[in-house]
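# Structural overview
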Amino acid sequence: MAHHQIIVEIVLLLLLGGYGWTLGREIVREERRVAARIESNMLLGIGRYTGVDVTGRLLTPAASPGVDRVVTFLLRADRLGDDLAIWREVAHRVSDRRGVRIIGFCDDSQCARYVGAVAQPLGFTVMMYGEVVDSQAVLNADALAQCLVQKAGSEPFGVVWRGAGLTPGQISQRILD
Amino acid sequence: MKQLRWMVSGLLAVAVIGDGVLTCWDWRVRSHAPERSREAVVRAGGSGGRGSSVSLFASGLAVDGTRVAVPDRGAPLLIRYASRTCGYCARDTVWPRLAEAMRLKGVSVAVLLPRAAEGFDPAALVPAQVPQVAFVSMEWMKRYRLTVTPTAMLFNRAGKLVWAQHGMLRPDSIASALRVLQEDAR
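Residues numbered from 1 in each chain as written. Chains lettered and ligands numbered in written order. Predicted model: local features only at pLDDT ≥ 70, side-chain atom pairs only at ≥ 80, totals over all residues.

### Notes on the domain arrangement of chain B
- Here chain B is partitioned into domain 1 (1-31) and domain 2 (33-185).
- Taking only C-alpha atoms, the centre of domain 1 of chain B and the centre of domain 2 of chain B are 42 Å apart. (Domains from an automatic or database assignment.)

Dropping the structure here:
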C-alpha cells in the first residue's frame, strides 16, 4: 500500500514538474519576445527614404542615379541653429565626393516651417514627413547622438555627430570612411 | 521508507505551490497583454510636443503625399499598423470584427503603413475605404515605437493611447478593447 502511494506521488510530482517547466519556459519566452521586439526596433533597416520635404514635395532623394551613400539625421527644433550650421558645413565638405546624399528629418512642425522659409540653399534635403520604418531608425540613432550612414548594398551604421569637441570636419571624415 | 514518503510528500507540496505561483504569473502575463503592448508601444520620453496624438496622426499623408481624411477631433481612433506584404496581417481574422465593433461605437479607423510601397489595394482594405497613412511626422513618431505588423492602437477622444495589441489579435481582444473604451468614457 505504502509503495503504491509513493509511486502515485512520484507520478504526480513528475506531472506537476513537467507542467511547471512548460509554464516557466512559456513565461521566459514571452519576456524575451517583448525584449526582442524593442531590441529589433533599434536595428531597423533603412529603405529608400521616401518622404515629404519641408516644401511639401514627395521625394525619394536616395533613389537618384549615382547615389551610393546616404546620410540621415534628426534636426532638433530646440537646437536648430546649431544643427543647421553643423550640417551645412558637413554637406559642403562632402560635396566634392559625388554620390553622397544627406537627408535631415525635422523633429517638429516648427523646425519644418523654419527650414522651409530659409532662403539660402542648405546643401541637403530636409524631410517633414517620413515613412514609419525610416523615421524610427533615425530616431533610434538620434537617441545615441548618431546619424545613420548607409552605403550601397550594405547595412546602415551609426556615426556620432553630437559630442563635445566634434567638428564638421571630423563628422565628414567619419561619414566618408 | 517513512523518510522517503515524507520527502516525496514535501516535494509534491513544493511542486503544487510552485505550479500555483507560475499559473498565476502566466495568467497575469496573458490577461495584461494589452497593457504590456501599450507600455511597449509608448516610446520613453516621447510624450512631449504640441498637439494630441490623434491630431498629429491625422496630419499624416497618403501614399501620394496628399492629406488623408482621418477625423482629428471628437472621436476615438483605432490605428492598425499593417502592410500588404505582412502574412500575419492577412491571417488576422479578429481584425475585421474588432474594426466593425469599434466603428459601431463611433471610433474612426485608419491604417498606418510601415512603408509607402506596402500599401493595400483600396478594394482589399478591411474595413473598406479606410484611410491609409504612409507618411507621418516625427512629432508623432517620437511618441510611439512600432515593432511588429500587425499592431493595433486605440486612442481615446483626448488623443491618449488607451489600448494596444502587438501581433495578431486574440479572440478576447475585442472585449478587452471595448472594455477599455467603456471605462475611458466614464
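Don't stop here, the text continues.
### Structural notes on the nonpolar core
- Cys106(A), Phe57(B), Leu78(B), Val133(B) and Leu154(B) are the most contacted members of the largest nonpolar core, which totals 82 residues.
- Beyond its immediate chain neighbours, meaning those up to four positions away, Cys106(A) contacts Val54(A), Leu75(A), Cys111(A), Ala112(A), Val115(A), Val126(A), Met127(A), Met128(A) and Met138(B). (Core = buried A, V, L, I, M, F, W, Y, C linked by C-beta atoms within 7 Å. Buried ≥ 20, exposed ≤ 12 C-beta atoms within 10 Å, placed from the backbone. Contact = placed C-beta atoms within 7 Å.)

### Some remarks on the pairing of strand 6 (residues 146-151) of chain A
All names here are of chain A.
- Where strand 3 (residues 69-75) lies against strand 6, four bridges are found, and the strand directions are antiparallel. When the bridges of strand 6 are listed, Thr72 appears paired with Leu148.
- As defined by bridge partners, strand 6 adjoins strand 7 (residues 157-160) across four bridges and the pair is classed as antiparallel. Pairing of Cys147 across the sheet is with Val159, part of strand 7.
- Adjacent in sequence and paired antiparallel, strand 6 and strand 7 are bridged by five residues, among which Gly153 carries a positive phi angle near 75°. (Pairing = 2+ DSSP bridges. Helix = DSSP H or I, 4+ residues; strand = E, 2+ residues; numbered from the N terminus.)

### A short note on the interface of chain A and chain B
- Across the boundary between the two partners, chain A contributes 39 residues, which contact 40 residues of chain B.
- Put simply, the parts of the chain that give the side of chain A that touches chain B at least two residues each are helix 1 (2-42), strand 1 (51-53), strand 4 (100-106), strand 5 (125-130) and helix 4 (132-143) of chain A.
- Looking at the side of chain A that touches chain B element by element, the count peaks at 20 residues for helix 1 of chain A.
- Class assignment for the residues of the side of chain A that touches chain B results in 20 nonpolar, twelve polar and seven charged.
- Relative to strand 4 (residues 136-137) of chain B, strand 5 of chain A runs antiparallel, the two sharing two bridges. Along strand 4 of chain B, the bridge assignment pairs Tyr129(A) with Ser137(B). (Nonpolar A, V, L, I, M, F, W, Y, C, P; charged D, E, K, R; others polar.)

### Here's the deal with the sheet that holds strand 3 (residues 132-133) of chain B
Residue and element names in this part refer to chain B.
- Judged by pairing direction, the sheet is mixed, and its five strands sit side by side in the order 3-2-1-5-6 without closing on themselves. For this open sheet the edge positions go to strand 3 and strand 6 (161-166), each flanked by a neighbour on one side alone.
- Bridge count between strand 1 (residues 77-81) and strand 2 (residues 108-112): five bridges; the pairing is parallel. The residue of strand 2 that forms the bridge with Ile79 is Ala110.

### Structural notes on the confidence of the model for chain B
Residue and element names in this part refer to chain B.
- Considering every residue of chain B, the mean pLDDT works out to 87; 95% of them sit at 70 or more.
- Mean pLDDT across the elements of chain B bottoms out in helix 2 (residues 33-41) (76) and peaks in helix 5 (residues 95-104) (95).
- Confidence estimates for the predicted assembly give a pTM of 0.81 and an ipTM of 0.81. (pLDDT = per-residue confidence, 0-100.)

### Observations concerning the packing of helix 5 of chain B against helix 7 (residues 173-185) of chain B
Residue and element names in this part refer to chain B.
- For the pair helix 5 and helix 7, the least separation of the axes is 9 Å and the interaxial angle reads 25°. With respect to helix 7, the axis of helix 5 lies roughly parallel. The hand of the helix 5/helix 7 crossing is right-handed. Here helix 5 contributes Arg97, Leu98, Ala101 and Met102 to the contact with helix 7, which in turn contributes Ser173, Ile174, Ala177 and Leu178.
- Classifying every residue of the contact of helix 5 with helix 7 by side-chain character gives six nonpolar, one polar and one charged. (Axes fitted to C-alpha atoms, helices over the stretch in contact; angles between N-to-C directions. Parallel < 35°, antiparallel > 145°, perpendicular 65-115°, else oblique. Left-handed = near helix turned anticlockwise from the far one by under 90°.)

### Remarks on unusual backbone geometry
- A cis amide bond links Val126(B) with the next residue in sequence, Pro127(B), at an omega value of -10°.
- On the secondary structure map, Pro127(B) appears in the loop between strand 2 and strand 3.
- Of note, the bond from Thr149(B) into Pro150(B) is cis; its omega dihedral lies within 30 degrees of zero at -5°.
- Relative to the helices and strands, Pro150(B) resides in the loop between helix 6 (138-141) and strand 5 (151-155).
- The residue Ala145(A) is not glycine, and still its phi comes out positive at about 65°.
- Inspection of the secondary structure assignment puts Ala145(A) in the loop between helix 4 and strand 6.
- Of note in this structure, Gln129(B) is not a glycine but carries a positive phi near 60°.
- By the secondary structure assignment, Gln129(B) is in the loop between strand 2 and strand 3.

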